[in-house]
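This is what each chain is made of:
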Amino acid sequence: MYGWRGRIGLLVPSSNTTMEMELHEALPEGVSLHTSRMPLRNVTEEELLKMEALAVEGAKLLKDANVDIILYGCTSGSFIGGKNFEKELEAKIEREVNLPVVSTSSAVLEALGAVDAQRVLVITPYTDEINEREREFLEANEFEVLDIRGLGIEDNTQIGKLEPYEAYRLAKATFMDEADAIFISCTNFRTFEIIELLEEDFGVPVITSNQASLWLALRELDIHDVIPGLGSLFEY
């Protein structure tokens, strides 16, 4: 039986081509991933809020697979409404499906707290508008955003085509010694190959949307495997 240790039900934007692949490659033995999609083509505030409104239907389909937890796998889609938006979203889905729910934004906040980060550099593929919403969300949750740099991409399929080295180079160009951590945002931004390289090169923890999402989902399932290649977060 697949998922004999735990089954993760993933809600992901329809145009996301990265998150499933990264999580599948990193899953510990005995953990399975089962996916439902929500319509989204462009990473804009309007489309993100429309997508959120359809999350419950996708979660109900995942419940049919007897998943143990539901992961709302979209960073911008779980912070776009500001502080506590992610908690309200999780509670809304939980009420409908009677399963524990975590979102990527909750995972990021938990991960930054776990590595004791306060001053954060943020790297994204987003437009300035979405970056500003992310800055507001992080600062409302008492993190200091030293800088936030994006690639200005709205088309989510184009984000999925980005290579990991593009995240690395943007982080390198942005890094400053005052930073406690680097956060690379977006579940469609491929990062797993460069997490440990960044940590080795700059000496601070690196948190990414997919890494944090997997970490928190596993911890909620009481699975504490240390996953090679995914950085210091998995030591917590």
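Structural data are supplied above this passage.
Treat the numbers as computed from the prediction; the structure is a model and nothing was measured. Every chain begins its residue count from 1, and numbering advances along the sequence as written. Side-chain atom pairs in this predicted model are given and counted only at pLDDT of 80 or more, local residue features only at pLDDT of at least 70, and totals for whole chains, interfaces and linings cover all residues. Side-chain numbers here rest on the full set of heavy atoms in the structure, without hydrogens or water.

Student: Help me out: how do you make sense of helix H9 (residues 164-174) in this one?
Tutor: Helical geometry note: an α-helix holds 3.6 residues per turn, so side chains three or four residues apart project in the same direction. Note on classification: 1.4 Å probe, protein chains only; a residue is buried when its accessible area is under 20% of the maximum for its type, exposed when over 50%, partly exposed between these limits. Here a helix means four or more residues in a row that DSSP labels H or I, a strand means two or more in a row labelled E, and each is numbered from the N terminus. Buried within H9 are the following residues: Pro164, Ala167, Tyr168, Leu170, Ala171 and Thr174. Next to the buried residues of H9 lie strand S5 (119-123), strand S6 (144-149), strand S7 (181-184) and helix H10 (195-202). Whether two residues are in contact is decided by their heavy atoms, any of which lying within 4.5 Å being enough.

Student: I keep staring at the packing of aromatic side chains and nothing clicks. Help me out?
Tutor: Two measures describe an aromatic ring pair: the distance that separates the ring centres and the angle between the ring planes. When two rings of Phe, Tyr or Trp (its six-membered ring) have centres within 6.5 Å they constitute a pair, described as stacked for plane angles under 30 degrees, edge-to-face for angles over 60, and tilted for the intermediate range. Using the criterion set out here, one finds 4 aromatic pairs in the structure. Where phenylalanine 79 meets tyrosine 126, the ring centres are 6.4 Å apart and the plane angle is 70 degrees; that geometry is what we call edge-to-face. Within this pair, whereas phenylalanine 79 is found in helix H4 (residues 75-79), its partner tyrosine 126 is found in the loop between S5 and helix H7 (128-140), the two being separated by 47 residues in sequence. Residue phenylalanine 79 shares its accessibility class with tyrosine 126, and that shared class is buried. On the numbers, 4.8 Å between centres and 35 degrees between planes, the contact of phenylalanine 175 with phenylalanine 202 is tilted. Of this pair, phenylalanine 175 sits in the loop between H9 and S7 while phenylalanine 202 sits in helix H10; the two residues are 27 residues apart in sequence, bridging distant segments of the chain. Exposure remark for phenylalanine 175: the relative accessible area of 19% places this residue in the buried category. Joined through ring pairs, the aromatic side chains of Phe79, Tyr126 and Phe137 make up one cluster.

Student: What's the story with the nonpolar core in this structure? I'm lost.
Tutor: The tendency in soluble globular proteins is for nonpolar side chains to be buried side by side. Here the nonpolar core consists of buried residues drawn from Ala, Val, Leu, Ile, Met, Phe, Trp, Tyr and Cys, with membership extended through side-chain atoms lying within 4.5 Å. Membership of the largest hydrophobic core comes to 87 residues, with the highest contact counts inside it found for Ile8, Ile93 and Leu214. In terms of residue count, the dominant contributor to this core is helix H11 (residues 209-220) (6 residues). Apart from the residues lying within four places of it in its own chain, the contact partners of isoleucine 8 are Leu27, Val31, Ser32, Leu33, His34, Val67, Ile69, Leu71, Leu214, Ala217, Leu218 and Leu221.

Student: Hey, could you run me through the pattern of salt bridges in this one?
Tutor: Where side chains of opposite charge bring their charged atoms close, a pairing between them can arise. The working definition used for a salt bridge is a side-chain nitrogen of Lys or Arg within 4 Å of a carboxyl oxygen of Asp or Glu. Here the structure, examined in full by the defined rule, presents 14 salt bridges. A salt bridge links arginine 149 to aspartate 147; the shortest N-O distance between them is 2.9 Å. For arginine 149, a relative accessible area of 34% gives the class partly exposed. In this structure aspartate 147 comes out as buried when scored by relative accessible area, which is 17%. Residues joined by salt bridges that share partners form a network here, namely Glu45, Arg133 and Glu136.

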